[in-house]
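# Architecture and fold: a report
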Amino acid sequence: MSGGGKIQFVGTYSYATGDMYCGTLDITGKPAGRGILYYIETGECDVGIFDSKLRQLGEGVRFSRDRDAAFRLMDGELEGGAMDLERALQIVELEQTPAVRTRDTIPAPTTYDPARHKQMKAYYVYRQLAGLPLNESPCGPSPWLPRWKQDPVE
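Let us look at the structure shown here. (Residues numbered from 1 in each chain as written. Predicted model: local features only at pLDDT ≥ 70, side-chain atom pairs only at ≥ 80, totals over all residues. Heavy atoms only, no water.)

A few words on the overall build of the protein. When helices and strands are counted, the protein shows two helices and seven strands. Each helix and strand of the protein, placed in order from N terminus to C terminus, yields the pattern β-β-β-β-β-β-β-α-α. Burial statistics for the protein: of 154 residues in total, 30% are counted as buried. When contacts within the protein are restricted to residue pairs at least 6 apart in sequence, long-range pairs at least 24 apart make up 32% of them. Of the roughly 9,900 Å² that the protein leaves accessible, carbon and sulfur atoms contribute 55%. Looking at charge distribution, the protein has the averaged site of its 18 positive side-chain charges lying 7 Å from that of its 21 negative ones. (Helix = DSSP H or I, 4+ residues; strand = E, 2+ residues; numbered from the N terminus. Buried < 20%, exposed > 50% of the residue type's maximum accessible area, 1.4 Å probe, protein only. Contact = heavy atoms within 4.5 Å. Areas by Shrake-Rupley, 256 points an atom, 1.4 Å probe, with all protein chains shown as cover. Lys, Arg positive; Asp, Glu negative; His and termini not counted. Charge placed at Lys NZ, Arg CZ, Asp CG, Glu CD.)

Right, here's the structure in full:
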């Protein structure tokens, strides 16, 4: 829980366009704070503080498709030219550049596979019997969620 009595979570919010927001969400699951907005068509991403209507507030950074260039944003609008990647990471307080996310990097959907279903079920049964938390994915951590510099080490 953060200041002001608002409950906040960390997660993702996907849009019908394929764009995806990863970061702080409010109780309704919509963007509400610091995060990364991935644009599926261009492959670019914006990092900053967002409101529930996905408007960027204040200073932020846009990373290029290949994450080899960064540009300063002010209230969602480009301001100035390219900047050094290290400086961009300092401004938005990220440990590393965001993961690349384009139509080409998303795996093709698969159909129902009984063997995969059995394997996933066995994973969660094992974790339950071992007294381990059930909220850890068998696929590993999400590459899309931001790793902020002041986050505690997991």
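The next thing to look at is the sheet that holds strand S3 (residues 31-38). The seven strands lie next to each other as S1-S2-S3-S4-S5-S6-S7, forming an open sheet whose pairing is antiparallel. Unpaired on one side and paired on the other, strand S1 (9-14) and strand S7 (77-83) mark the two borders of the sheet. With strand direction ignored, the average angle separating the axes of adjacent strands in the sheet is 20 degrees. Bridge analysis of strand S6 (residues 70-74) against S7 gives four bridges, and the strand direction is antiparallel. For Ala70, the partnering residue across the bridge sits in S7 and is Met83. Contacting strand S4 (45-50), strand S5 (56-63), S6 and S7, helix H1 (residues 85-92) crosses the sheet at an angle of about 150 degrees to S5. (Pairing = 2+ DSSP bridges. Axes fitted to C-alpha atoms, helices over the stretch in contact; angles between N-to-C directions.)

As a further point, take the nonpolar core. With 17 residues, the main nonpolar core has Tyr38, Val47, Val61, Phe63 and Leu94 as its most contacted residues. Broken down by element, this core gets its largest block of residues, four residues, from H1. Leave out the neighbours within four places in its chain, and Val61 touches Cys45, Asp46, Val47, Ala70, Phe71, Leu73, Met83, Ala88, Ile91 and Val92. (Core = buried A, V, L, I, M, F, W, Y, C linked by side-chain atoms within 4.5 Å.)

Further remarks concern unusual backbone geometry. With a phi close to 60 degrees, Arg67 is a non-glycine residue in the positive phi region. Turning to its location among the elements, Arg67 is positioned in the loop between S5 and S6. Residues other than glycine seldom take positive phi values, yet Glu93 does so here, at roughly 60 degrees. Secondary-structure assignment places Glu93 in the loop between H1 and helix H2 (114-129).

On to the side chain of Thr24. Tracing the chain through its elements places Thr24 in strand S2 (residues 20-25). Dropping the residues within four chain positions of it, Thr24 is found in contact with Gln8, Phe9, Lys30, Pro31, Ala32, Gly33 and Arg34.

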